[in-house]
Each structure stands twice: as C-alpha cells, then as structure tokens.
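Breakdown of the fold
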Amino acid sequence: MGDTVQIIPNDVNANMRDILDQELRTATSAALSVAFITESGLNTILENLEGISYRGGEVRVLTGLYQAITDSNSLRRMNDAQGKYGDKFLARISLEQQFHQKLYVIRSKPLDRTTIIIGSSNLTAGGLKSGGELNIMIKTRIGSALARKIDSIFGEEWARGVKLSDDLISNYDQWYKDLRKYALKMPGDKEIGNNPILDRILGVASFHRDCEGIHYASQHQKSAGRRRSWRRKKQM
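Every value quoted in this text rests on a predicted model; they were computed, and no experiment measured them. (Residues numbered from 1 in each chain as written. Predicted model: local features only at pLDDT ≥ 70, side-chain atom pairs only at ≥ 80, totals over all residues. Heavy atoms only, no water.)

**Some points on the overall build of the protein**
- Helix and strand counts for the protein come out as eight helices and 10 strands.
- Expressed as a percentage of its 236 residues, the buried residues of the protein come to 46%.
- For the protein, restricting intrachain contacts to residue pairs at least 6 apart in sequence, the fraction spanning at least 24 positions comes to 74%.
- Only carbon and sulfur atoms are counted for the fraction: they give 51% of the accessible area of the protein, which is about 12200 Å². (Helix = DSSP H or I, 4+ residues; strand = E, 2+ residues; numbered from the N terminus. Buried < 20%, exposed > 50% of the residue type's maximum accessible area, 1.4 Å probe, protein only. Contact = heavy atoms within 4.5 Å. Areas by Shrake-Rupley, 256 points an atom, 1.4 Å probe, with all protein chains shown as cover.)

**Re the packing of aromatic side chains**
- In the structure shown here, the tally under the stated rule is three aromatic pairs.
- When the centroid spacing of 5.8 Å and the interplanar angle of 25 degrees are considered together, the rings of Phe 154 and Trp 158 count as stacked. Linking Phe 154 with Trp 158, this pair stays in helix 5 (residues 145-159), spanning four residues, or about one helical turn.
- Taking the relative accessible area as the measure of exposure, Phe 154 reaches 3% and is therefore buried.
- A centroid spacing of 5.6 Å and a plane angle of 85 degrees characterise the contact between Tyr 172 and Tyr 176, whose relative ring orientation is edge-to-face. (Phe/Tyr/Trp six-rings, centres within 6.5 Å; stacked < 30°, edge-to-face > 60°.)

**Overview of the packing of helix 1 (residues 16-25) against helix 2 (residues 39-54)**
- Viewed as axis vectors pointing N to C, helix 1 and helix 2 meet at an angle of 15 degrees, and their least axial separation amounts to 9 Å. Between helix 1 and helix 2, the angle is such that the two are roughly parallel. For the pair helix 1 and helix 2, the crossing hand works out as left-handed. Residues Arg 17, Leu 20, Asp 21, Leu 24 and Arg 25 of helix 1 pack against Thr 44, Ile 45, Asn 48, Leu 49 and Ile 52 of helix 2.
- When the residues that make up the contact of helix 1 with helix 2 are grouped by side-chain class, the tally is five nonpolar, two polar and three charged. (Axes fitted to C-alpha atoms, helices over the stretch in contact; angles between N-to-C directions. Parallel < 35°, antiparallel > 145°, perpendicular 65-115°, else oblique. Left-handed = near helix turned anticlockwise from the far one by under 90°. Nonpolar A, V, L, I, M, F, W, Y, C, P; charged D, E, K, R; others polar.)

**Structural notes on the pattern of salt bridges**
- One pass over the structure, following the stated rule, counts 13 salt bridges.
- The partner of Glu 23 in a salt bridge is Lys 139, with the nearest N and O atoms 2.9 Å apart. Residue Glu 23 is found in helix 1, and its partner Lys 139 is found in strand 7 (residues 135-140); the two are separated by 116 residues along the sequence.
- Residue class for Lys 139 comes out partly exposed when judged on its relative accessible area of 21%.
- Bridged by salt links that share partners, the residues Glu 96, Glu 157, Arg 160 and Arg 209 form one connected network. (Salt bridge = Lys/Arg side-chain N within 4 Å of Asp/Glu carboxyl O.)

Right under this line is the structure:
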C-alpha cells in the first residue's frame, strides 16, 4: 500500500482535534514539535498522550518560548507527566529563539504506519479547530524514506532543546512579562542571535537560526561590532 495524503482544513469533516484524537488512540509512540502550546490545547490530547506512555510507548514533546505564547500551565502539565511516566513521556524546550514548527508524528507499530501532520496548527484550542488553519497529513510505512527523514529532522530539533524542569518553569513565571515585552520590542526579523531574557529562563545560551546557519549572541555582538567599525571608517 502506498502513501496517502489528506488535507486538513479544520472544518466539520476534517479537523486537527478529531484527527489527533483518532490517531493517538491506537498509537504506540508520538513525537510533537510545536511552537505554541496552551493548556486548553494540550488538554484536548493529553489523556491520549499519557495513554501511549501508560501502554509502554514513548511520547516526546518539543515546544518553544517564542513570543511567550506557550503558557506555564501547559508546561506544568507536561512536567507532571514526565514525573509520572519517566522516560516514557519527555518534554523539552527549544533553544531556538524563533522556534515556529508545527509537526506531529504519530506511529502505530501494529498497523506499520507513521502519520505525519505538518501545517499551521499549534497545540492550542484555536489551532486544533479554527477554520483559519490548514494542514496536510501523510500516512506512510514506518520504515519508509519519508518516515526516516522526518524522524531525522525531529531528532536534530530534539537535540537542540533543554529538558523541561521545575526550575525552568519557575524562571519562565518570573521572567514571562519581560520576555513578552522583549518580543514586542524586538520582532523576529530584527532579533539576530541575542535574547538575554530567554537565556536567563533556559539557563543556557539560546540561538537564532536562518538559512545561513546558527547564530549565537557572541556572534551577533561581533557582527554588530564589525558594522559599527565599518560605519566609523565610512564617516572618516
């Protein structure tokens, strides 16, 4: 059987809320890489995610703090699940300042099927049922070239994250308002490798990535210094 492709326009016939519920009920593992997670969105699928872990499967959830949209309550719920299921339920926070992915990978070994959903839907109540979203779902065999490629991409992103912890959530609560203000002051296209507030929350250096590579704060500062030096020379 070949791959199947379905468009998910979030209408009454095909929406992320119902499709995730259906796919996760029979899943043996799940890997989510989602920019924004809110408690209302997480609550929609958390029981099914925990069900996978309860049955001995592995759940991995990667999210980010870009624009401070992911809420603390969702982080606490996932952290509680980590404590309950150990290495069968893992959550990480991306070090990428503009982390903006929406990838859902759901595997069912009995069916030899990997379900891949990519599109615009975050794990929020609106993202799962709002008509303003559009996603594509591909079902392929577990060992297919596409499944292996997606697994590799997720693995690379997962490696660029830090484990969700009580300390990280506490830092986020403390610095949330400042991070939100910083996001409004420094929109994505102006922020190149320098987000000191996010660094404080994560406890490690965050980074900005574009098609030219990964940029850290030190690189940003050096680049800024070169630009200032060039301007001084031009003025002389």
